[in-house]
Amino acid sequence: MTGPVRVRVAPSPTGDPHVGTAYMSLFNLAFARQQGGQFLLRVEDTDRARFQADSEQQVYDTLRWLGLDWDEGPDKGGPFAPYRQSERLDTYRPHVDRLVADGHAYLCWCTSARLTEMREDQQKRKLPTGYDRLCVGKTAAERAELPGFQERPVVRMLVPDDPPLHFVDLVRGEVSAPRPDDQVLLKADGFPTYHLAVVVDDHLMGITHVVRGEEWISSTPKHLLLFDWLGWDRPAFAHMPLLRNVDKSKISKRKNPAARLTWFVEQGYLPEALLNFLGLLGYSLPDSEKEIFSFEEMSESFDWSRVNTVGPVFDLDKLGWLNGHYVRELSEQDFAERALPFLQRAGLVGSPAGPDELAALGAVTPLVQTRVAVLSELPDLVRFLFVDEEDFVVEEAAVAKALTPAAAPVLTAAADALEGLDEWSTQTVQAAVDSALLEGGLGLKRGKAYLPLRAAVCGSSISPPLPESMALLGQERVLRRLRSAAALAG
Ligand code: GLU
């Protein structure tokens, strides 16, 4: 293969973008960048039945969120535009005509009812299933004499007796695939099938390496035949292992919310963490112990021999751990900026945020940055600080657990001690509470003493450290909450 490396990701806009699209993009892009080549995005929207209009934009948004940007694509243009297959229908037709003229493909007029009947019959008789070639060698008129005929034909490939069933894969070495059926290339509606469009476009767009999921291995012989018949150089192939659920099944959007890329955005994973995680699933650095790595490190060291061949398990605990790491690495400013939309979505902060809200966020950041694995955990942790005082309520679970009658004197003692403070800071708050409630005061253990205080002041049994939280909240609000909780408990 000569010339620059050109690779592509080719998502089908059939709903929320699949996490596999990001995974494929990552590997394609890492390789392209290492080679100084190009990465392009092609939208494979020939399946009109499953097409969803907003899916394409979601693909763009989520890939860009991950920093996996492309050099050419439908929204960017490029020397081989258009990059949306539905806009390339005229491109495919001459190649199909040529395949028919050369005897590599034929028209098939069978109705889908006939094909179903044929398949059922083959299954009943324990025969291999596949098109029985009823239409081969017939004109439309001849075929019309027989049952199960429809006016508008499809075009099928005529798979020879000795199709190429072995090929060298960059990840797997020598690969064998089963014998293909006489695949439909052009549908009755004039749309190409994936198999035709992918080959024509990969050739015309100068794709040098086809990097895609292992589910396409069984299709590769069909593609090789098409490249050969059309007299085109075959690209190199790399079939990536499929991402799997913990139970080893294939990740599907129906069964696993984490199959949807938008889920990671909603949950507040950081794009750099997800990217590292996807890289780790399929790749190991030369220093194989190293689990935390950037896109640049992956790309610089990229080598097909270090791509896993065993289905990597999509372990969300591991991702949570990685995400926590990246969250802690952020500067406070960066953390606050990324946290803000989560607080806005939870209705805790206005859009745009006011100066007081931003100041509160800045002040609480050092308390919470080390405590969240994902940013969506944040609203619950900081609600106590942002909620309007009249909307503040103690969660029922916290009431039941902490605001028992025995808590009332504890809350009152803390309020009395805090009421007298002239200086309000973490240190003075802690000293006042401790001397009122611990040894020398009510004689409680700190854990026991803080439990009702936390419920009263933060409204929940989880919160940032209590003295710091109270210091941020201010004397007036703390006293009001302690006194009303004491009344509630008592
Ligand atoms: N459109 C195919 C998909 O949705 C692309 C497969 C390929 O990369 O060849 O996965």
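Just so it is clear, the model here is predicted, and its values are computed rather than measured.

Student: Describe the environment of valine 9, naming the residues involved and giving the relevant values.
Tutor: Relative to the elements of secondary structure, valine 9 occurs in strand β1 (residues 6-9). For the pair valine 9 and arginine 212, spaced 203 residues apart in the sequence, the C-alpha separation amounts to 7.7 Å. Those residues in contact with valine 9 that sit more than four places away from it in its chain are Thr21, Met24, Ser25, Phe39, Leu40, Leu41 and Arg42.

Student: So what about the side chain of threonine 62? Which residues, and what values?
Tutor: Checked against the element boundaries, threonine 62 lands in helix α2 (residues 55-65). Residue classification places threonine 62 among the buried residues on the basis of a relative accessible area of 5%. Within the structure, threonine 62 has its side chain in polar contact with the backbone oxygen of glutamine 58 (distance 2.6 Å). Not counting the four nearest positions on each side in its chain, threonine 62 is found in contact with Pro17, Leu261, Thr262 and Val265.

Student: Account for the site of the ligand, with residues named and values stated.
Tutor: Taken together, Arg8, Ala10, Ser12, Glu44, Tyr194, Val198, Arg212 and Trp216 make up the full set of residues near the ligand. Interatomic distance of 3.1 Å between a side-chain N/O atom of serine 12 and a nitrogen atom of the ligand. For the ligand, an oxygen atom lies 3.1 Å from a polar atom in the side chain of arginine 212. The fraction of the free accessible surface of the ligand (290 Å²) that becomes covered by protein chains is 81%. Classifying every residue of the shell around the ligand by side-chain character gives four nonpolar, one polar and three charged.

Student: Let's hear about the side chain of arginine 88: which residues, and what values?
Tutor: Tracing the backbone shows arginine 88 in the loop between α2 and α3 (89-101). When its relative accessible area of 5% is taken as the criterion, arginine 88 is described as buried. A distance of 2.8 Å separates a polar atom in the side chain of arginine 88 from a polar atom in the side chain of aspartate 201. The contacts of arginine 88, once residues within four sequence positions are left out, are Phe80, Ala81, Pro82, Asp201, Leu204 and Met205.

Student: Give me the packing of aromatic side chains: which residues, what numbers.
Tutor: Evaluation of the coordinates by the stated rule reveals 16 aromatic pairs. For the pair phenylalanine 31 and tryptophan 304, a centre-to-centre distance of 5.0 Å together with 55 degrees between the ring planes defines the contact as tilted. Residue phenylalanine 31 is located in helix α1 (residues 19-35), and its partner tryptophan 304 is located in the loop between α10 (295-300) and α11 (316-329); the two are separated by 273 residues in the primary sequence. Residue phenylalanine 31 is classed as buried on the basis of its relative accessible area, which comes to 5%. With centroids separated by 5.6 Å and ring planes inclined at 35 degrees, the aromatic side chains of tryptophan 263 and tyrosine 269 adopt a geometry described as tilted. Each member of the pair, tryptophan 263 as well as tyrosine 269, is classed as buried. Ring-pair connections join several aromatic residues into one group, and the members of that group are Tyr23, Phe27, Phe31, Tyr283, Phe302 and Trp304. In this arrangement the basic side chain of arginine 345 is found over the ring face of phenylalanine 342, its NZ or CZ atom lying 4.8 Å from the centre. In this structure, arginine 481 is placed above the aromatic ring of phenylalanine 392, and the distance from its NZ or CZ to the ring centre is 3.8 Å.

Definitions and cut-offs
- Residues numbered from 1 in each chain as written.
- Predicted model: local features only at pLDDT ≥ 70, side-chain atom pairs only at ≥ 80, totals over all residues.
- Heavy atoms only, no water.
- Helix = DSSP H or I, 4+ residues; strand = E, 2+ residues; numbered from the N terminus.
- Contact = heavy atoms within 4.5 Å.
- Buried < 20%, exposed > 50% of the residue type's maximum accessible area, 1.4 Å probe, protein only.
- Polar contact = N/O pair within 3.5 Å; in protein donor to acceptor, adjacent residues only side chain to side chain.
- Near = heavy atom within 4 Å.
- Areas by Shrake-Rupley, 256 points an atom, 1.4 Å probe, with all protein chains shown as cover.
- Nonpolar A, V, L, I, M, F, W, Y, C, P; charged D, E, K, R; others polar.
- Phe/Tyr/Trp six-rings, centres within 6.5 Å; stacked < 30°, edge-to-face > 60°.
- Lys NZ or Arg CZ within 6 Å of the ring centre and 35° of its normal.

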